[in-house]
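# Structural overview for review
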Amino acid sequence: MKVQIEESVFERFSKRIRIGIIHLHDVDNRKMLVESQKLLTNMTSYVHDTKVVEQGLIDTWKKKYETSRQYHSIVERYVKLIKNGTELRGRTVIDNLCMYLTLKHFVPIIPDNLSNLEGDITFTCTKTDAEFEGYPIMENMLYVKDKNSAYSVSGDYWRSERSLCNTKSTDVLIRLEMLPPMTAAKFREIVTETIMLARKFTNGHGASKILTKKHREATFKKIHE
């Protein structure tokens, strides 16, 4: 399985975008569900009680997606839900971990169920206004597709149900998306923390790569076809 960023992304979206890719297999998405939920709940309480919000990192995605929606990335969405008193709760261990890390670092971190995806994974940009499964998407929006069709807009602005993980998901792709002002060094730290935490909580095995303008693709072995 190849994961790649098309050249058009750097021309139309951002020359400095970086995509962290983590492929995990033999994942146990149920055993430590309670423990992962506790981790997320503690982070949720912290975000709710503190006035310290990395607004600059939230605004980064607002500038890219100038729309009338009430949020422009999952980072902004999670913060607004928490401030409104909503308790975040994932369906799987990996969902809880990704939400926890998203809130900790204010970086979109999204898990995909590889069992429901086919062929290579590609990051590209819309050239005109479009619709994904009936959802309106504007021009120059970064999105992810497999062999069949688009399944997520960057920042989790829109997402197809088929990419969602469940407790039986054992083969998972985690996407981490970085834009300035975050530094490349800090982003590498977050990717490393993510794979280490995921291994600890799921007993999964895997590897990570960071895609950039200079290194636009990586190959992973898909374990469960």
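Please refer to the structure placed before this passage.
Presented here is an overview of the structure given in this document. (Residues numbered from 1 in each chain as written. Predicted model: local features only at pLDDT ≥ 70, side-chain atom pairs only at ≥ 80, totals over all residues. Heavy atoms only, no water.)

### Digging into empty space enclosed by the protein
Going through the model one piece at a time under the given rule, you end up with one cavity of 30 Å³ or more. Considering only enclosed or pocket space, the largest cavity measures out at about 60 Å³ in volume. Together, Leu-57, Thr-60, Trp-61, Phe-106, Val-107, Pro-108, Glu-177, Met-178, Leu-179 and Met-182 line the largest cavity. Only helix H3 (55-64) and strand S9 (172-178) provide two or more residues apiece to the lining of the largest cavity. Its residues assigned to classes, the lining of the largest cavity comprises eight nonpolar, one polar and one charged. (1 Å grid on protein atoms, 1.4 Å probe; cavity = no way out; pocket = protein on both sides within 12 Å on 5 of 7 lines; lining within 4 Å. Points joined across faces, edges and corners; volume = space filled by probe spheres on them. Helix = DSSP H or I, 4+ residues; strand = E, 2+ residues; numbered from the N terminus. Nonpolar A, V, L, I, M, F, W, Y, C, P; charged D, E, K, R; others polar.)

### Topic: the environment of Ile-94
Among the structural elements, Ile-94 can be located in helix H5 (residues 93-105). For the pair Ile-94 and Met-32, spaced 62 residues apart in sequence, the C-alpha separation works out to 9.7 Å.

### With respect to the layout of surface pockets
Taken as a whole, the largest pocket encloses approximately 480 Å³ of empty space. Forming the walls of the largest pocket are 24 residues, and the residues nearest its centre are Arg-77, Tyr-78, Asp-156, Arg-159 and Leu-164. The set of elements that each furnish at least two residues to the lining of the largest pocket consists of helix H4 (74-83), H5 and strand S3 (109-113). Within the lining of the largest pocket, the residues separate by chemical class into 14 nonpolar, two polar and eight charged.

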